Amino acid sequence: MPTRASPPDYDDFWVGFWYFRLPELFSTCVAFSLVADMGFGRGDIGNWSMSIWCFCFTMTLIIVMVELWRLPSRFPFYWYNFPVTYACYAALVCLSTSIIYSITYVQFLLYGPSRDRAITATAFSCIASVVYALDVAWVWDWYDLDDISCYVHTLPGLLKVLETFVAGVIFAFLSNTSLYLHQPALEWCVAVYSICFILAAVVLLLNLGEREYRLPVPFPVFQLVLTTLSVLLYISALVLWPLYQFYEELGGQPQRSSDGDCRDELTYNMCKWDQRLAVVILTAINLPVYVADLVYWAHQVSVGTEDQPRDS
């Protein structure tokens, strides 16, 4: 099986730029600018959303400049892996930002210019997520990836993208350290999320950098061990986090009404109880993803899948 993408025709670069990259730059820039224009009234959620849109704009601009100056061949890894992977993450990030921003901020705004700006910013963020999703398909076609192995277009690759993405959203809620610093069991849960994220990120980087076959053990076995460890850790977090957050006997708050912050319907930030619940839901979402990953690699090891390096 060939391992290198067919050299792209740079005459087609402008097709992708006008139909995908320029709309991505425009939509993220508009979303960022509209929220920035709201001043101090945008709240913490607004600042977080701004940082996401600004990051997406910056990374897209970097990709455009690299491809415009024909620099992909100078990278020590196959460049096509990077824009495809980034577009996958950007689509998920922009979509999640649109949802979080709308349900935790926009709905509480009074009718007026600020609300109109927030709604428009959310709409442009949704547009960006759709364009990034289409960008994934375009990069696949532009680099002619039909006959080569592109990691994020495989089942384990997509599972790793989902694992790291959900963990990233969990970290966004855990930025409020008052949720867990008072209890060692909750600190353990934070350590679990961090460890599992690092393990998944290492696997992702090994594959994107074409270094997975330089390990001293077969790669499927390596994946199976790491995924098994991650599943066990996530199970412990799924048990401990709700126990110590919502059971009164262990110092938790079983009712949303017991959180004074949640009584203020005009708040522009998620109250602590909602943040605790969000972490539980995201943990419950990510655990089946890890289990699916575990089943895949257990099957690969059981059938004796050959783990040979790809030809250069």
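Residues numbered from 1 in each chain as written. Predicted model: local features only at pLDDT ≥ 70, side-chain atom pairs only at ≥ 80, totals over all residues. Heavy atoms only, no water.

The name an unreviewed UniProt entry assigns to the protein is MARVEL domain-containing protein, from the organism Muntiacus reevesi. Among the UniProt annotations of the protein, the heading Sequence similarities (unreviewed entry) holds the following wording: "Belongs to the MAL family." The Subcellular location (unreviewed entry) field of the UniProt record for the protein holds the comment "Membrane". (UniProt positions renumbered as here; feature names shortened; annotations may be inferred.)

Asker: Explanation requested: the packing of helix α6 (residues 184–208) against helix α7 (residues 219–246) in the structure shown.
Answerer: Contact geometry for α6 and α7: axes closest at 9 Å, N-to-C directions at 155 degrees. When the axis of α6 is compared with that of α7, the two are roughly antiparallel. Viewed along their axes, α6 and α7 form a crossing whose handedness is left-handed. Looking at the contact of α6 with α7 residue by residue, the class counts come to 21 nonpolar, five polar and no charged. (Axes fitted to C-alpha atoms, helices over the stretch in contact; angles between N-to-C directions. Helix = DSSP H or I, 4+ residues; strand = E, 2+ residues; numbered from the N terminus. Parallel < 35°, antiparallel > 145°, perpendicular 65-115°, else oblique. Left-handed = near helix turned anticlockwise from the far one by under 90°. Nonpolar A, V, L, I, M, F, W, Y, C, P; charged D, E, K, R; others polar.)

Asker: Whenever I open this one, the UniProt feature "transmembrane region" (unreviewed entry) in the protein confuses me. Can you help?
Answerer: Within this numbering scheme, the UniProt entry marks residues 20–40, 52–72, 84–106, 118–140, 160–181, 188–209, 221–244 and 277–298 as carrying the feature "transmembrane region" (unreviewed entry). The span residues 221–244 shows a helical share of 100% and a strand share of 0%, and its end C-alpha atoms are spaced 35 Å apart. With 100% helix and 0% strand, residues 277–298 has end C-alpha atoms that lie 32 Å from one another.

Asker: Hey, could you run me through the packing of aromatic side chains in this one?
Answerer: The description of an aromatic ring pair rests on the distance of the ring centres and on the angle between the ring planes. One pass over the full model with this rule turns up 12 aromatic pairs. Measuring from ring centre to ring centre gives 4.9 Å for Tyr 234 and Tyr 290, while their planes differ by 35 degrees; the resulting arrangement is tilted. Residue Tyr 234 is located in helix α7, and its partner Tyr 290 is located in helix α8 (residues 272–302); the two are separated by 56 residues in the primary sequence. Of the two residues examined, Tyr 234 and Tyr 290, each falls in the buried class. Connected via pairs of aromatic rings, a cluster forms that spans Phe 219, Phe 222, Tyr 296 and Trp 297. (Phe/Tyr/Trp six-rings, centres within 6.5 Å; stacked < 30°, edge-to-face > 60°. Buried < 20%, exposed > 50% of the residue type's maximum accessible area, 1.4 Å probe, protein only.)

Asker: What am I meant to see in the nonpolar core here?
Answerer: Nonpolar side chains in soluble globular proteins tend to be buried together. Ranked by internal contacts, the top residues of the largest apolar core, which has 33 residues, are Ile 170, Phe 173, Leu 174, Tyr 193, Tyr 234 and Trp 241. Those elements that place two or more of their residues in this core are α5 (155–174), α6, α7 and α8. Tyr 193 has contacts with Ile 170, Phe 171, Leu 174, Tyr 234, Ala 237, Trp 241, Val 279 and Thr 283, leaving out every residue within four places of it along the chain. (Core = buried A, V, L, I, M, F, W, Y, C linked by side-chain atoms within 4.5 Å. Contact = heavy atoms within 4.5 Å.)

Asker: What am I meant to see in the pattern of salt bridges here?
Answerer: Under the counting rule described, the total for this entry stands at five salt bridges. A salt bridge links Glu 163 to Lys 160; the shortest N-O distance between them is 3.2 Å. Here Lys 160 and Glu 163 lie together in helix α5, a separation of three residues that amounts to about one turn. Assigned by exposure class, Glu 163 and Lys 160 land together as buried. Salt-bridge contacts for Lys 160 lead to Asp 293; the nearest nitrogen and oxygen are separated by 2.3 Å. Residue Lys 160 is located in helix α5, and its partner Asp 293 is located in helix α8; the two are separated by 133 residues in the primary sequence. (Salt bridge = Lys/Arg side-chain N within 4 Å of Asp/Glu carboxyl O.)

Asker: Honestly, the packing of α6 against α8 in this entry has me stumped. Any pointers?
Answerer: Interhelical geometry of α6 versus α8 gives an angle of 40 degrees and a closest axis separation of 13 Å. Classified by chirality, the crossing of α8 by α6 is left-handed. Here Tyr 193, Cys 196, Phe 197 and Ala 200 of α6 come into contact with α8, specifically with Val 279, Thr 283 and Tyr 290. Class assignment of the residues belonging to the contact of α6 with α8 gives a composition of six nonpolar, one polar and no charged.

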